[in-house]
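Commentary on secondary and tertiary structure
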Amino acid sequence: MGLTETKFWDTYWAGCALPSTVDTKIPHYRCIAHELKRNLVGVHGDIFEVGCAPGKWLAFMAKEFGLRPSGVEYSEAGMKATLENFRLLGLATDAIFTGDFFQMKPPRQFDAVMSFGFIEHFSDVDQVVDLHLQWLKPGGVLILGVPNFCGIYYPIQRILNKDILDKHNLKIMNLDYFRGLGKRLSLEPVFLDYVGSFEPTLFMAGYRFGNPLQIAVRAGLWLARRIRRFKILDGVNHRFFSGYILANYRKSEAV
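Quick summary incoming for the structure in this document. For clarity, every value in this text was computed on a predicted model and none was experimentally measured.

**Some points on the packing of helix α5 (residues 125-134) against helix α7 (residues 175-184)**
The interhelical angle for the contact between α5 and α7, taken along N-to-C directions, is 55°, at an axis separation of 11 Å. Of the possible angle classes, the one that applies to α5 and α7 is oblique. In the packing of α5 onto α7, the handedness of the crossing is right-handed. Across the interface between the two elements, Val125, Asp126 and Val129 from α5 touch Tyr177, Leu181 and Arg184 from α7.

Written as structure tokens, this is what we have:
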């Protein structure tokens, strides 16, 4: 079911710079943070993040909403990075679980459950989201975020490093999937849309220099990063060029 292996994430998180917080200088982080603050008014209690490394979004939720942070991370390097990040930020955690999310039974349920950049690494995403719901209280809030490697992102990322595309489930990177997800799992949509406008920092290159085409693309993205700093572009979104999909749902009280 998974499209990535533990070794991939151990390598990824081992080089993570700490402390790590939500850097609003990065446009799509800024846009995600804005929509969360706009749509999660009144949320309180505790929050659980699936794939929590390195803890920057838990720290954001704790600061902005006063939520008690908890999470699970199956990569050992990722968990070490998360715990060290919490220590550096002076963040007290509620409960931190280490291990395979798919093998764990929730010891209790939480007021909010979230994952960013997690569900798109699996082939049966409905099943993965249904597991999220097992950790969520009736009436609680589910927050899902995924990058958009469709549209203009697909050919550019294919030039820079095709292997990155192979590690993502591109079939779910559209609003129709998330609308259908809500219906299939009896979730009430609170917010569902593309956010972040064009995000040049989303791309990942496989080589420091590469061939002439890769060099030209990276030069274009360097220029795009400077243009994208302007906040006036934050609200310009479309499935073809927006870098992120954010979906907030409320779980039925009757569950």
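From this point, the discussion proceeds with the structure in view.
**Here we look at the side chain of arginine 228**
Take arginine 228: it is sitting in the loop between α8 (212-227) and β7 (244-251). In terms of polar contacts, arginine 228 uses its side chain to reach the backbone carbonyl oxygen of glycine 196, at 3.0 Å. Excluding anything up to four places from it in sequence, arginine 228 contacts Pro27, Arg30, Cys31, Gly196, Ser197, Phe198, Pro200, Leu233 and Asp234.

**Quick word on the pattern of salt bridges**
Evaluated as defined, the whole model comprises nine salt bridges. A salt bridge links aspartate 166 to lysine 162; the nearest nitrogen and oxygen atoms lie 3.2 Å apart. On the criterion of helical spacing, the pair formed by aspartate 166 and lysine 162 is a turn pair, its members being four residues apart in helix α6 (residues 153-166). For aspartate 166, a relative accessible area of 43% puts it in the partly exposed group. Ionic pairing is found between arginine 228 and aspartate 234, a salt bridge with its closest N-O pair at 2.9 Å. Using a relative accessible area of 3% as the deciding quantity, one classes arginine 228 as buried. Looking at aspartate 234, the relative accessible area reads 16%, which means it is buried. Members of the salt-bridge network, linked through shared partners, are Arg30, Arg228 and Asp234.

Each value, and the rule that gives it
- Residues numbered from 1 in each chain as written.
- Predicted model: local features only at pLDDT ≥ 70, side-chain atom pairs only at ≥ 80, totals over all residues.
- Heavy atoms only, no water.
- Axes fitted to C-alpha atoms, helices over the stretch in contact; angles between N-to-C directions.
- Helix = DSSP H or I, 4+ residues; strand = E, 2+ residues; numbered from the N terminus.
- Parallel < 35°, antiparallel > 145°, perpendicular 65-115°, else oblique.
- Left-handed = near helix turned anticlockwise from the far one by under 90°.
- Contact = heavy atoms within 4.5 Å.
- Polar contact = N/O pair within 3.5 Å; in protein donor to acceptor, adjacent residues only side chain to side chain.
- Salt bridge = Lys/Arg side-chain N within 4 Å of Asp/Glu carboxyl O.
- Buried < 20%, exposed > 50% of the residue type's maximum accessible area, 1.4 Å probe, protein only.

All quantities given are derived from atomic positions and should not be read as evidence of function.
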